[in-house]
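Results of the structural survey
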Amino acid sequence: MIISAANGPGPKPTYLEFKIPDGWPKPPTDIFAKNRLSEEGFQLGRKLFYDGRLSKDGNFPCASCHQQFAAFANFEHDFSHGFNNTFTTRNAPPLLNLAWMTEFQWDGAVNHIEVQPLSPMTASNEMAESIDSILIKLRRDTAYVRMFKAAFGTTEINSQRMLKALAQFTGSIVSADSKYDKIKRGERVFTTSELNGYNTFKEKCASCHKEPLFTDNSFRNNGLPLNTFTSDYGRMKITRDKNDSLKFKVPTLRNVAVTYPYMHDGRFVTLGQVIDHYRTGVQTNQPNLDSALRNKLPMTLTEKNNLIYFLFTLTDSSVVHNPRFAERQ
Amino acid sequence: MSSGRKFAVDSWQLAVCLPVIVMLFLSFSEVPSIKAKTGSVRIVFKNTVAGIPLMLDSAKYKNIFGEPFTVTKFKYYISNVSLENKTDKQAEKESYHLTDARDSTSMSFSYMVTEGKYRDLVFLLGVDSIRNCSGAQTGALDPMNDMFWTWNSGYVMAKFEGGSDSSKAMRRMEYHIGGYKASENVVQNIRLHAATPISITEGKETIIIIETDISKWWQTIDKITIAENPICTTPGSLAKRIAANYSNMFSIQSISNN
């Protein structure tokens, strides 16, 4: 191999250890096993995440639909805006604890964190850009040339490196330091309302929204009527199995107070509306309704309010306000 | 499209690995059996329509049902290539190739093989399941090659597009054949048995020319007409039926030595 001086080997990246929070399960696969996490890779991924040039007209970086202050969901938008005055057809999910996730998107269409960005990048109603064009733009920018070399050893800029860098950034966003986590570690205590809400949560919600991730990452039919505007049957599109009709991924409840609106189509604006759906709204005549919801989730108004107080304890400033995950100024 | 980029080892990795590689080489070179004599095998694919060389865009063809068609795109993955005889299997390393009828340089590749006589050329038509779910790939497997589904992760193993007056889908014909999960797997194990031995000689190149007959897509196992099925762009039973048909599209045309 001939390497010119300008393209010569750089110093090794500063490798980082991905820390699994105490008491958490190990991720089902190690997403950094073939994409060794480094400070340089993370910083490159962070720059890419906030860079509008990844979209066709420059207006739609990843961060346009995944806003830090909304726990990397899209604040106040049921559907997000895409290229040329278009809308997406599903609610942008928060990007949290992705290192524990093996199937991405509401229907599990994508099988690896590294290939997930290909979908929004190329979708005509999202970033609407081709991978070739993105790479051409990146190669013109000497800052990127330097950063790819720092992260991967040479100045080559290709799709694989771009996607691996993005996975280093998004995969590093771990939410494990909310009030709830501090309580679990004995650093703080619940108020009476929060504690009562936690007990309701454990009784009625925790089988799907499993601690500590607050999701079991499964796909379930939660009894929502079909959205006739999007005609979205969820998981069935991927498996072509009618038993998967109207099944969507169980979303994490971490930071749920800031990720509204809710559900795959953002149909509910408040947590109260979500809980009311489970109390009274579940369509129990759907044949593949999740068995936990056969009798809905009856709850008194006091229980409902306390449950909301508990859900507020899942907001995590170490994600929402962490300068490390913010756009570099 | 089989890309030289797959050899682009990161230089700092090389700096670490090189001494190790040299040491390994030195230690192996003391063992006589490791110094195998090697020659090269070049595998060439020639696309045809029932024996007639495929011409894109302008040429008009008919399938066995008399349905007219033109071809505008024809691409397929060849992976996990090996030459085999009863006792030996010579596999290509990092063996992923994307042939594209529009790019003549993509239609052949070569690798080094231990001297000997082989009887079978074995490969996958498609990309093995592991590489369908291992994250971002490069070289022939780069998603930029327009053979990776973003709406349902996985590679399109073979892509055949064109036009046909028999098609009710705006006279278009589009077959994007993919699916790697057990229930929808379209990857085909191909084993081509050579009538005469494939002889590999030290320092020489043996050329195997393979005919790829596109007309097999509608026949051999199952009859599939353009009128009924002009489009197949999702995994599932139609994709599996088409893949079963096209698993028969390869035949060894000639073997020669240079």
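Conventions used here
Within each chain, residues carry numbers counting from 1 in the order of the written sequence. To label them, take the chains in the order written and letter them from A, then take the ligands in the order written and number them from 1. Since the coordinates come from a predicted model, pLDDT governs what is reported: local features require at least 70, and pairs of side-chain atoms require 80 or more to be given and counted, while whole-chain, interface and lining totals use all residues. Comment: burial labels come from other C-beta atoms within 10 Å of the residue's own C-beta, placed from the backbone, where a count of 20 or more is buried, 12 or fewer is exposed, and between is partly exposed. Helix and strand definitions here come from DSSP, where helices need a minimum of 4 consecutive H or I residues and strands a minimum of 2 consecutive E residues; each element is numbered from the N-terminal end. Residues are treated as contacting if the C-beta atoms built from their backbones sit within 7 Å of each other. Reported domain spans reflect what an automatic or database domain assignment gives. Under the convention adopted here, Pro, Cys and the residues Ala, Val, Leu, Ile, Met, Phe, Trp and Tyr are nonpolar, Asp, Glu, Lys and Arg are charged, and Gly plus all remaining residues are polar. Between N-to-C directions, angles cover 0 to 180 degrees, with each direction set by a line fitted to C-alpha atoms, over the stretch in contact for helices. Here the word oblique covers every angle except those under 35 degrees (roughly parallel), over 145 (roughly antiparallel) and from 65 to 115 (roughly perpendicular).

Moving on: helix H1 (residues 39-49) of chain A. All names here are of chain A. Counting buried positions over the eleven residues of H1 gives nine, a clear majority of the element. Listing the buried residues of H1 in full gives Glu40, Gly41, Phe42, Gln43, Leu44, Gly45, Arg46, Leu48 and Phe49. Residues of H1 that are buried make contact with helix H4 (142-152) and helix H5 (159-171).

Next up on the list: the domain arrangement of chain A. Residue and element names in this part refer to chain A. Domains assigned within chain A are domain 1 (39-175) and domain 2 (179-312). Distance between the C-alpha centres of domain 1 and domain 2: 27 Å. Taken together, the contacts link 22 residues of domain 1 with 23 residues of domain 2. Residue composition of the side of domain 1 that touches domain 2, by class: twelve nonpolar, six polar and four charged.

A pair of packed helices is characterised by two quantities: the angle between their axes and the separation of those axes. Residues and elements named next belong to chain A. At a minimum axis separation of 7 Å, H1 and H5 run at an interaxial angle of 95 degrees. Considering their axes alone, H1 and H5 lie roughly perpendicular with respect to each other. Here Gly41, Phe42, Leu44, Gly45, Arg46, Leu48 and Phe49 of H1 come into contact with H5, specifically with Met162, Lys164, Ala165, Leu166, Ala167, Gln168 and Phe169. Residue composition of the contact of H1 with H5, by class: nine nonpolar, three polar and two charged.

This part is about unusual backbone geometry. The amide bond that connects Glu211(A) to the next residue, Pro212(A), takes the cis arrangement and shows omega of 0 degrees. Counting through the fold element by element, Pro212(A) comes out in the loop between helix H7 (192-204) and strand E3 (219-220). The omega torsion across Tyr260(A) and Pro261(A) is -5 degrees, close enough to zero to call that bond cis. Within the secondary structure, Pro261(A) is located in the loop between strand E4 (248-249) and helix H9 (271-281). One non-glycine residue, Glu94(B), lies in the positive phi region at around 45 degrees. Residue position: Glu94(B) is located in the loop between strand E5 (89-91) and strand E6 (96-100). A tally of 12 C-beta atoms within 10 Å means that Glu94(B) is categorised as exposed. Notably, Thr220(B) is not glycine yet its phi reads approximately 85 degrees, a positive angle. Its place among the elements puts Thr220(B) in the loop between strand E13 (205-213) and strand E14 (231-232). Its 16 C-beta neighbours within 10 Å are what place Thr220(B) among the partly exposed residues.

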